[in-house]
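Breakdown of the fold
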Amino acid sequence: MNEVTIKVEGMSCGGCVRNVTGVLKALAGVSEAEVSLDGASARVSYDPAQVTPEQMRAAVEAAGFDSPA
Ligand code: 9UX
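Residues numbered from 1 in each chain as written. Predicted model: local features only at pLDDT ≥ 70, side-chain atom pairs only at ≥ 80, totals over all residues.

If you check an unreviewed UniProt entry, the chain appears there as Heavy-metal-associated domain-containing protein from Thauera sedimentorum.

A word on the packing of helix H1 (residues 14-25) against helix H2 (residues 53-62). Contact pair H1 / H2: the axes reach a minimum separation of 9 Å and the direction vectors enclose 135 degrees. Between H1 and H2, the angle falls in the class oblique. Both H1 and H2 take part in a crossing whose hand is right-handed. Contact with H1, carried on its side by Val 20, Val 23 and Leu 24, involves Met 56, Ala 59 and Val 60 of H2 and no other residues of that element. Partitioning the contact of H1 with H2 into residue classes produces 6 nonpolar, no polar and no charged. (Axes fitted to C-alpha atoms, helices over the stretch in contact; angles between N-to-C directions. Helix = DSSP H or I, 4+ residues; strand = E, 2+ residues; numbered from the N terminus. Parallel < 35°, antiparallel > 145°, perpendicular 65-115°, else oblique. Left-handed = near helix turned anticlockwise from the far one by under 90°. Contact = placed C-beta atoms within 7 Å. Nonpolar A, V, L, I, M, F, W, Y, C, P; charged D, E, K, R; others polar.)

Looking now at H2. Where H2 is concerned, the buried positions are Met 56, Arg 57 and Val 60. Along the axis of H2, the buried positions cluster into a sector of 100 degrees, meaning they face one direction only. Every exposed residue of H2 that faces more than 90 degrees away from the buried side is listed here: Glu 54 and Ala 62. Buried residues along H2 sit against strand S1 (2-7), H1 and strand S3 (41-46). (Buried ≥ 20, exposed ≤ 12 C-beta atoms within 10 Å, placed from the backbone. Arc of directions from axis to C-beta.)

Time to look at H1. The end-to-end C-alpha distance of H1 is 16 Å, a good match for the 16 Å that 12 residues give at a rise of 1.5 Å each. Inspection of H1 places Val 20, Val 23 and Leu 24 among the buried residues, and these make up the whole buried set. Axial view of H1: buried residues confined to an arc of 95 degrees, hence all on one face. For H1, the exposed residues set more than 90 degrees away from the buried face come down to Gly 14, Gly 15, Arg 18 and Gly 22. Residues of H1 that are buried sit in contact with strand S2 (30-36), S3 and H2. (Expected span 1.5 Å × (residues − 1).)

Take a look at the structure:
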């Protein structure tokens, strides 16, 4: 299991945190997602054989937030 922290910008409230958490956990291979509103980031535990940080960033962007590399 790997861990990565990705940037998640544009979250305004706890609902955003919940939404981003759900988006990340819905990805096959993601086992844990800890999203920080104040930190504008998400710490993700994942199986690198199933999912990449790039795919996580794409999912966050598709949900309407910014996730610059
Ligand atoms: Mo809060 Mo976020 O009302 O998209 S859920 S701003």
